[in-house]
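Here's the letter readout for the chains.
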Amino acid sequence: MKEPNLEQLVDSYQKSKSAIEELEAERKVIGDAILDALKAMKVDGTKIGNWYVKRVRSMIYTGVSLSTAKELGATKTKEIIDVDLLRKMQTAGQKIAGAKQIMYVKVTAAE
């Protein structure tokens, strides 16, 4: 049996990516329908067969500006790793304990 060539592999990769996107969109529609059904039943959760279904409420604060958070006293200072500096040091030949290299495939349209 002949090994698939790179073009065939990339084509299969893109087809699977599209299939996943379609399934995720379908899952979103179904999830919205489940939320509507629970709301119509006037319940936050129920057991359906071997499954428990529950409406979950969660707050997302990504839309809060830094200035608003400062006004509210809701900021904190956090020490973080300077990845850009580590990258420069690594490129210059310095060994960085704990650093590791990963590899992955990135496929983009050639348009």
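Note that the structure is a prediction, hence the values are computed from the model and not measured.

Draft legend 1. Here's a closer look at the overall build of the protein chain. Helix and strand counts for the protein chain come out as three helices and two strands. Going from the N terminus to the C terminus, the protein chain shows its helices and strands as α-β-β-α-α. A compact globule built from 111 residues would reach a C-alpha radius of gyration of about 13 Å, whereas the protein chain, at 24 Å, exceeds it by more than 25%. Seen along its three principal axes, the alpha-carbon backbone of the protein chain occupies a region of about 65 × 65 × 35 Å. Burial statistics for the protein chain: of 111 residues in total, 5% are counted as buried. About 11,400 Å² of surface is accessible on the protein chain, with carbon and sulfur atoms providing 57% of the total.

Draft legend 2. Summary view of unusual backbone geometry. The residue K42 is not glycine, and still its phi comes out positive at about 60°. Among the secondary structure elements, K42 is positioned in the loop between α1 (6-41) and β1 (45-48). A relative accessible area of 75% places K42 in the exposed class.

Draft legend 3. Just the pattern of salt bridges, in detail. Overall, the coordinates contain five salt bridges when judged by the stated rule. Of the charged contacts, one joins D11 and K15 as a salt bridge, the two residues approaching to 3.2 Å between their closest N and O atoms. In this pair, D11 and K15 are both assigned in helix α1, four residues apart and thus about one turn of the helix distant. A residue is classified by how much of its surface remains accessible, and D11, at 38% relative accessible area, is partly exposed. Connected through salt bridges with shared partners, the residues D44, R55 and R57 form a single ionic network.

Draft legend 4. Broad picture of a nonpolar patch on the surface. Together, L6, L9 and V10 make up an exposed nonpolar region whose accessible area comes to about 280 Å². Looking at the element boundaries, V10 is found in helix α1. The class for V10 is partly exposed, based on a relative accessible area of 32%.

Draft legend 5. Structural view of the pairing of strand β2 (residues 51-54). With four bridges connecting them, β1 and β2 associate as antiparallel partners. In the sheet register, T46 faces β2, and the bridge partner there is V53. The hairpin formed by β1 and β2 contains two residues between the paired strands, and G49 there has a positive phi angle of roughly 60°.

Reading the values: rules and limits
- Residues numbered from 1 in each chain as written.
- Predicted model: local features only at pLDDT ≥ 70, side-chain atom pairs only at ≥ 80, totals over all residues.
- Heavy atoms only, no water.
- Helix = DSSP H or I, 4+ residues; strand = E, 2+ residues; numbered from the N terminus.
- Rg over C-alpha atoms; globule rule 2.2 N^0.38 Å.
- Buried < 20%, exposed > 50% of the residue type's maximum accessible area, 1.4 Å probe, protein only.
- Areas by Shrake-Rupley, 256 points an atom, 1.4 Å probe, with all protein chains shown as cover.
- Salt bridge = Lys/Arg side-chain N within 4 Å of Asp/Glu carboxyl O.
- Patch = residues over 30% accessible without salt bridge, like charges linked within 9 Å, V, L, I, M, F, W, Y side chains within 5 Å.
- Pairing = 2+ DSSP bridges.

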